[in-house]
Amino acid sequence: MSEEFDRLVAEGLSTPFEGWDFGVFEGRYQEGDEPWSYAAIVRERMASAGAMLDMGTGGGEFLASLGALPEWTVATEGYAPNVPVARARLAPLGVEVVEVGEDDVLKFPDSVFDLVINRHESFDPGEVGRVLKPGGVFVTQQVGGRDVEEVNAALGGPEHAYRGWDLAEAVTEVSGAGLEVEWSEEARVPGRFLDVGALVLFLRITEWQVPGFSVEGYRERLRGVRMPLEVHAHRFALVARRPA
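Please read all numbers here as calculations on a predicted model, not as lab measurements.

**Q** Account for helix α4 (residues 82-90), naming residues and giving values.
**A** Given 3.6 residues to a turn, an α-helix orients residues that are three or four positions apart in the same direction. Looking at α4, one finds that the buried residues are Asn 82, Val 83, Val 85, Ala 86 and Leu 90. When α4 is viewed along its axis, its buried side chains cluster within an angular range of 165° and face the same direction. Facing away from the buried side of α4 by more than 90 degrees, the exposed set consists of Pro 84 and Ala 88. In this fold, the buried residues of α4 make contact with α3 (61-64), β3 (72-77) and β4 (96-99).

**Q** Account for unusual backbone geometry, with residues named and values stated.
**A** What is expected of a backbone is that most residues other than glycine have negative phi and most peptide bonds are trans. Geometrically, the link from Met 227 to Pro 228 is a cis peptide bond, its omega value of 0° lying close to zero. Mapped onto the fold, Pro 228 is located in the loop between α9 (215-223) and β8 (229-241). Of note in this structure, Val 148 is not a glycine but carries a positive phi near 35°. The exposure class of Val 148 is buried, given its relative accessible area of 3%.

**Q** I'd like to hear about the pattern of salt bridges, residue by residue, with values.
**A** Considering all chains together, one arrives at 22 salt bridges under this definition. Among the ionic pairs, Arg 7 bridges to Glu 11, the shortest N-O distance being 3.6 Å. Within this pair, Arg 7 and its partner Glu 11 are both found in helix α1 (residues 2-14), separated by 4 residues, close to a single helical turn. What emerges from the salt-bridge pattern is a single network uniting Arg 146, Glu 149, Glu 150, Glu 159, Arg 163 and Arg 188.

**Q** Tell me about the packing of α1 against helix α8 (residues 196-205), residues and numbers included.
**A** The geometry of α1 relative to α8 is characterised by a closest axis approach of 7 Å and an angle of 30° between their N-to-C directions. Comparing their axes, α8 and α1 come out roughly parallel. The interaxial crossing formed by α1 with α8 has right-handed handedness. Every residue of α8 that contacts α1 at Phe 5, Leu 8, Val 9, Gly 12, Leu 13 and Ser 14 is listed here: Val 196, Gly 197, Val 200, Leu 201 and Arg 204.

**Q** Which residues make up the side chain of Thr 73, and what are the values?
**A** As for its position among the elements, Thr 73 is in strand β3. There is a polar contact of 3.0 Å between the side chain of Thr 73 and the backbone oxygen of Pro 70. What Thr 73 contacts, discounting residues up to four positions off in sequence, is Met 52, Leu 63, Gly 94, Val 95 and Glu 96.

**Q** Pulling in residues and values, what's your account of the packing of aromatic side chains?
**A** Applying the stated criterion across every chain, the model contains 11 aromatic pairs. Summarising the aromatic geometry, the rings of Trp 36 and Trp 183 are spaced 6.2 Å apart at their centres and angled 75° between planes, so their arrangement reads as edge-to-face. In this pair, Trp 36 is assigned in the loop between β1 (29-31) and α2 (38-46) and Trp 183 in strand β7 (residues 180-193), connecting sequence segments 147 residues apart. Trp 36 sits in the buried class, given a relative accessible area of 8%. Members of the aromatic cluster, connected to one another through ring pairs, are Phe 25, Tyr 29, Phe 193 and Phe 202. When the ring centre of Tyr 218 is taken as reference, the NZ or CZ atom of Arg 221 above it lies at 4.2 Å.

Rules of the game
Residues numbered from 1 in each chain as written. Predicted model: local features only at pLDDT ≥ 70, side-chain atom pairs only at ≥ 80, totals over all residues. Heavy atoms only, no water. Buried < 20%, exposed > 50% of the residue type's maximum accessible area, 1.4 Å probe, protein only. Helix = DSSP H or I, 4+ residues; strand = E, 2+ residues; numbered from the N terminus. Arc of directions from axis to C-beta. Contact = heavy atoms within 4.5 Å. Salt bridge = Lys/Arg side-chain N within 4 Å of Asp/Glu carboxyl O. Axes fitted to C-alpha atoms, helices over the stretch in contact; angles between N-to-C directions. Parallel < 35°, antiparallel > 145°, perpendicular 65-115°, else oblique. Left-handed = near helix turned anticlockwise from the far one by under 90°. Polar contact = N/O pair within 3.5 Å; in protein donor to acceptor, adjacent residues only side chain to side chain. Phe/Tyr/Trp six-rings, centres within 6.5 Å; stacked < 30°, edge-to-face > 60°. Lys NZ or Arg CZ within 6 Å of the ring centre and 35° of its normal.

Shown next, in the form of structure tokens:
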């Protein structure tokens, strides 16, 4: 049993991970679907957009999956190792990838985008409103502050510092920046880690989940985690418009 534990942990530490492609978890982590389709919401708004910004594109995986893009589409990415991955994927689609220090500051002129999309990336609603044209739309899906908090509990780790980040807080911030929220929804989606190697890999690539996590520091607590580990992904989404 100890040998199997050590093998899985070593695998979790060494499995290659590029961009933001969670296909490496296939068969090892299972998660249900949100009651909405972020992709469908984005595609519906894309149909009437001539200029679009994708904030925090990761490796460009989601953006590349959307099909025909608006005539001018640009993406930002703040994690340096993802930038060349995103550029290689998106350049053939005519998408410029702009490396940023943080997505809260958008180095674009005022009123240039018909549509700003943001999937699991931080944002400043004032900056989003500034770069949107009058009548432009903001679509975001966010990871809430209670995301897979069962992992933290199982390891005796701290709660998320941003535990209060939820739909109500986001709506308050977006509305306070002068955007009109047209639709919103929130869900806690069931999921499960099937083995400790998948859990180690997840904690390796989401450094914010359990701050200061290391296998050395948490080895005995990892041994004590009963698999499969049942968790809940915390997600919410909203559509907001800059008044015309």
